[in-house]
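One letter stands for each residue in the lines below.
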Amino acid sequence: MIAFIAKRIVGVVASLLVISLVLFLALSIVPGRASTAALGTNPSPDAIAAFEQRYGLDRPLAVQYFDWLRGVVFGDFGRSYQTDVEIGGEVARRFPVTLQLTLLSTLVALGFAVPLAFGAARFRRTGFDYTLSAVALAGLSMPVFAIATALVLVVSLQLRWLPPGGYVPFTEDPIQNLKLMILPALSLGLVSGGVMMRIFRSGLINAVERDFATVSLSRGASEGRVLVRHAARVAAVPFLTFGAMEISAIFGGAVVIEQIFQLPGLGTLALQGIETRDYRVLQAAALVIATFVMVANLAVDVIAAMIDPRLRRLGAA
Amino acid sequence: MKRFSLALVAAGLLGLAVGLTPSVQAEAADQLRVGFVDPPQGFDPALAVVGASHQVIDLLFSGLTKLDANSDPQPDLAESWTVSDDGTVYTFKLREGVKWHDGQPLTADDVVFTFERLMDPKTGYPYATQVESFAGVKAIDPTTVELTLSKPTGPLLTFLAFPGNFIVPKHIVSAGPSLTSAPIGTGPYKFVSYSPNQELILGKNPDYYVSGVPKMDLQIKYINNDTERTNAMLGGNLDIATRTAPRDYDQIVNTPGFRGSQTFGGRWYSVLTNVDADVTKNKLVRQAISYAIDRQAMADVLFFGYAEPMLGGPIPNWSWAHDASTDIFPVNGDVEKAKALLAEAGYPDGVTIDMTLAASWKNLVEQGPLLKEMLAKAGIEVNLISMENPRWVDEVWVGGKYQTANNFWLSPLADPDDFIFLSYKCGSGMNAQRYCNKEFDALVEEARYTSDQAKRKELYTQATNILLDEMPLIPTVNAGILDAATDKVQGWVPMRTGMYRGLENVTLAE
């Protein structure tokens, strides 16, 4: 197990290096220069020179990359071209917001997906099942921003139950924090919940129709019991792997949702980085998001390996 | 597994349950919540480029003068001043007892340091043309400053009220720390914290020279999507929403508990025509485009009536320098005249041009289809090209790789010089059309460096007549600045400049 985990960690680090290089190169060839974005359309040559020297942009790309990389390893992401703030501190302040949003959205998704998948599998191929699957399909087909906008219109502006956006840290006012997080988490969670429900449902049906389940049923176990005790375990492994990808999708979707609900997370930071060609900010945000996605996937792989020992052998081979 | 999933469901529903109790947004009693649009990019007066930075600098720093709601200069850090007979020497008497946010006193040395910094080419001051005529500045005593100009400068007192020219603390800037992220000023508000693209917190400056002001701390929320800003206003998250979208404005002011204000200032829209590019290098084509545009339709359709058609040059109707004789374009356009001009230009069967749109400025993007339809009637086929903003800036403004584009600008000074000088002058950073006419330049230079207002107006009219013939840029509409507030907001007067000085006088009724 330890060899398995160690091997996966090496893989994660290698992937992050590749990602950082690709990010760096991609951003250096995108049209639109950082100096024009920061200094206006007609800066004097002196001003451009001072700007590029201040942020080290006058050096060769390779030097810039390795310098940046060395900083990142020691937790120094540099300073923003636009606002001159320390990016590391800004990212550290914003990461918990995006993380909380992702976790709550995942809870919402699972809260819908798991019970509904059991229900649909229990009454498979009935009107109930087909209706649920159709509703789930409708959910996963909707763009996140459309659900978000609809929720704001109905829940905030018509019913006036919840504020239409904003943020208060959990540590300051937990109730208000959760109130502000409900709509964003619902927007992201409903879409992912639809996807997850359909995957878990087909896994359950697949398992419950296999021989071991038929044997259990013939020995008098109730169908519900067989689903929960036996089929769930079989269906859980592919579902977990899939779920990890879906959490990555939620984390990515947070970029849009944070903007709509004015949450001070990594997404809004990354968007401003794009708009203003503030590359260091964008690189930092993207790298943190990539790291999170990989770590989440690694964690899920480890959990799956604990559930299904065969995966450990495959992984270590 | 069963217990696990039950726990998950329970946790998921917990979040829901918390929310189902009817909620009122918690608000700090002493904080005024204001929705701004674009996030600032740094707070150093001498280095800031964008209006979003100037809006904040305007609250944190002070100039020798400030503009009132009607854009006339008034004393600010300078309590009074005298001008020499030839208009080249200004002696400013500074207000006594003004303190920087760190407690140090403001002195004449700070003023000298600020102006010398702006004049130094190494600083890279983006609005350096405003200080072009500064020849020298010296401190006579700790509260007296003498500014010598190389020539009389008509809008000097207005220039001094521009946030870029605001006074910075010598003891901080000369020692190295950056004002870009940690501004120290003498303005009504002190910097507390900034979360980029999100929220800016400003606290009351207890030492502000007007006693009892500001009344409240400020929480500025950056919400650049119009719909989200409107929702935040209607949903009770804001006390004031700035720059409300015209399509949302009626909805907000018709909702009980809300009101709005329309202010005409320097927010004007235009079609840019590259005078170096194929086809648009012909001034007859540019005139044809101008005649083909139905400006009333633009004002009605795109601005829901909250805009005034601009029928001539760039100086808006409300300005003292506006001359009605220059309003030559019919309010609904003149398609036949446009066709005739096009034929005269050598395109009797019509012509095709590109129009490059900046994708993030939705209000510009949505003009594209309407302009395309209007120009098509005159035989001008428009290819709409949309690109991401930073690339648009590089291609249109820096590289000149375009035929036509559209643009808007909010003049922070609301002085005629600000509308006409930078947008048309040879080599100016605001002159994306690459227009260059020495005769025109001489006229606007003379107008800038003249103190007599009547004489200035005459010069601007002459300059405008050149523009109407050459049409290097086509003004379309002057849009009202639409701000919205709740009924609780008291004491707020919107500014023509689109700045938000004046927030310091606002209180919230219980």
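As the structure is a computational prediction, the values presented were derived from the model and not from experiment.

What counts and what doesn't
Residues numbered from 1 in each chain as written. Chains lettered and ligands numbered in written order. Predicted model: local features only at pLDDT ≥ 70, side-chain atom pairs only at ≥ 80, totals over all residues. Heavy atoms only, no water. Helix = DSSP H or I, 4+ residues; strand = E, 2+ residues; numbered from the N terminus. Buried < 20%, exposed > 50% of the residue type's maximum accessible area, 1.4 Å probe, protein only. Contact = heavy atoms within 4.5 Å. Lys, Arg positive; Asp, Glu negative; His and termini not counted. Charge placed at Lys NZ, Arg CZ, Asp CG, Glu CD. Arc of directions from axis to C-beta. Salt bridge = Lys/Arg side-chain N within 4 Å of Asp/Glu carboxyl O. Core = buried A, V, L, I, M, F, W, Y, C linked by side-chain atoms within 4.5 Å. Disulfide = S-S within 2.5 Å. pLDDT = per-residue confidence, 0-100. Buried area = accessible area lost by both parts, 1.4 Å probe. Polar contact = N/O pair within 3.5 Å; in protein donor to acceptor, adjacent residues only side chain to side chain. Phe/Tyr/Trp six-rings, centres within 6.5 Å; stacked < 30°, edge-to-face > 60°. Lys NZ or Arg CZ within 6 Å of the ring centre and 35° of its normal. Pairing = 2+ DSSP bridges.

Caption draft 1: Representation of the overall build of chain A within the structure. A tally of regular secondary structure across chain A gives 13 helices and 0 strands. Reading the helices (α) and strands (β) of chain A from amino to carboxyl end gives α-α-α-α-α-α-α-α-α-α-α-α-α. By principal-axis analysis of the C-alpha atoms, chain A measures approximately 85 × 60 × 35 Å. The 317 residues of chain A split such that 52% are buried. For chain A, contacts bridging at least 24 residues in sequence account for 76% of all contacts bridging at least 6. Between the centroid of the 26 positive side chains of chain A and the centroid of its 20 negative side chains there is a distance of 12 Å.

Caption draft 2: Focus on helix α15 (residues 438-448) of chain B. Residue and element names in this part refer to chain B. Of the residues making up α15, those classed as buried are F440, D441, L443, V444, A447 and R448. The arc enclosing the buried residues of α15, seen along the axis, measures out at 165°, which places them on a common side. Among the exposed residues of α15, those oriented more than 90 degrees off its buried face are K438 and E439. For α15, the elements touching its buried residues are α4 (156-159), α14 (416-424) and α16 (453-470).

Caption draft 3: Up close: the pattern of salt bridges. Overall, the coordinates contain 28 salt bridges over all chains when judged by the stated rule. One salt bridge connects R124(A) with E223(A), and the closest N-O pair in it is separated by 2.6 Å. Of this pair, R124(A) sits in the loop between α5 (87-122) and α6 (127-141) while E223(A) sits in helix α10 (residues 223-261); the two residues are 99 residues apart in sequence, bridging distant segments of the chain. Judged on exposure class, the residue R124(A) and its partner E223(A) are both buried. For R259(B), the salt bridge goes to D487(B), with nearest N and O atoms at 3.9 Å. Remark: D487(B) occurs in the loop between β17 (473-486) and β18 (489-490) and R259(B) occurs in strand β12 (residues 258-273); sequence separation between them is 228 residues.

Caption draft 4: Expanded view of the nonpolar core. All names here are of chain B. L32, L64, F115, L147, L218 and L503 are the most contacted members of the largest nonpolar core, which has 65 residues in total. Residues contacting L64, with those up to four places away along its chain left out, are P75, D76, L77, A78, F92, L94, V111, F115, L160 and I167. In terms of nonpolar packing, the next biggest core, distinct from the first, is built from 39 residues, V279, A338, M355 and I474 among them.

Caption draft 5: Quick look at the state of the cysteines. Residues and elements named next belong to chain B. Applying the stated criterion across every chain yields a total of 1 disulfide over all chains. What pairs with C426 in a disulfide is C436, and their sulfur atoms sit 1.9 Å apart. Across the S-S bond linking C426 and C436, the dihedral sits near 95°, which makes this disulfide right-handed. Of the two residues, C426 is situated in the loop between α14 and α15 and C436 in the loop between α14 and α15; the sequence distance between them amounts to 10 residues. The partly exposed category is assigned to C436, whose relative accessible area is 47%.

Caption draft 6: Representation of the side chain of D278(A) in the model. In this structure, D278(A) sits in the loop between α11 (266-275) and α12 (279-307). Although D278(A) is buried, it makes no salt bridge; R280(A) carries the closest opposite charge, 7.5 Å away.

Caption draft 7: Structural context of the confidence of the model for chain B. Residue and element names in this part refer to chain B. In this model, chain B carries an average pLDDT of 90, and 94% of its residues clear a pLDDT of 70 or more. Long-range and interchain partners of residues 1-27, a stretch whose pLDDT sits below 50, account for 37 contacts in this model, where long-range means more than four residues apart. Scoring of the predicted complex yields 0.82 for pTM and 0.72 for ipTM.

Caption draft 8: Broad picture of the interface of chain A and chain B. Contact with chain A, which involves 54 residues of that partner, is made by 53 residues of chain B. Surface buried jointly by chain A and chain B totals about 4500 Å² across both partners, of which 58% is contributed by carbon and sulfur atoms. Summed over the shared surface of chain A and chain B, the number is 1 salt bridge. The salt bridge involving E388(B) is made with R277(A); its shortest N-O contact spans 2.9 Å. Taken together, the links from chain A to chain B amount to 8 residue pairs in polar contact (both at pLDDT 80 or more). For the side of chain A that touches chain B, the secondary-structure elements that each account for two or more residues are α2 (34-39), α3 (45-54), α5, α7 (144-158), α8 (174-208), α10 and α11 of chain A.

Caption draft 9: View of the environment of L271(A). Residues and elements named next belong to chain A. Inspection of the secondary structure assignment puts L271 in helix α11. Taking relative accessible area as the criterion, L271 reaches 29% and is therefore assigned partly exposed. A C-alpha to C-alpha distance of 9.5 Å links L271 and V281, two positions 10 residues apart in sequence. For L271, the residues in contact, after removing those within four places along its chain, are V255 and Q259.

Caption draft 10: Molecular detail of the packing of aromatic side chains. The full count for this structure, using the stated rule, is 34 aromatic pairs over all chains. Seen from their ring centres, F24(A) and Y65(A) are 5.3 Å apart, and the 70° between their planes marks the pair as edge-to-face. Note that F24(A) is positioned in helix α1 (residues 2-29) and Y65(A) in helix α4 (residues 61-73), a separation of 41 residues in sequence. A single burial state applies to F24(A) and to Y65(A), both of which are buried. Judged by centre distance (4.9 Å) and plane angle (70°), the rings of Y291(B) and F329(B) are edge-to-face. Of the two residues, Y291(B) sits in helix α8 (residues 283-292) while F329(B) sits in the loop between β13 (307-309) and α10 (335-344), which places them 38 residues apart along the sequence. Judged by relative accessible area, F329(B) falls into the buried class, the value being 3%. Feature note: the residues F36(B), F43(B), F191(B), Y194(B), Y222(B), W492(B) and Y500(B) constitute an aromatic cluster, connected by ring pairs. Taking NZ or CZ as reference, R122(A) lies 5.1 Å from the ring centre of F123(A), over its face.

Caption draft 11: Expanded view of the pairing of β12(B). Residue and element names in this part refer to chain B. Buried residues dominate β12, accounting for 13 of its 16 residues. Looking at chain direction, β12 and β17 are connected through 11 bridges and run antiparallel. Opposite F258, over in β17, you have T486 as the bridge partner. With 7 bridges joining them, β12 and strand β16 (residues 404-410) adopt antiparallel strand pairing. Bridge pairing links R267 to L410 in β16.

Caption draft 12: The side chain of E146(B), seen in detail. Residue and element names in this part refer to chain B. Residue placement: E146 occurs in strand β7 (residues 144-149). The exposure class of E146 is buried, given its relative accessible area of 19%. Sequence-distant contacts of E146, defined by excluding residues within four places in its chain, comprise V89, Y90, T91, G136, V137, K138 and I140.

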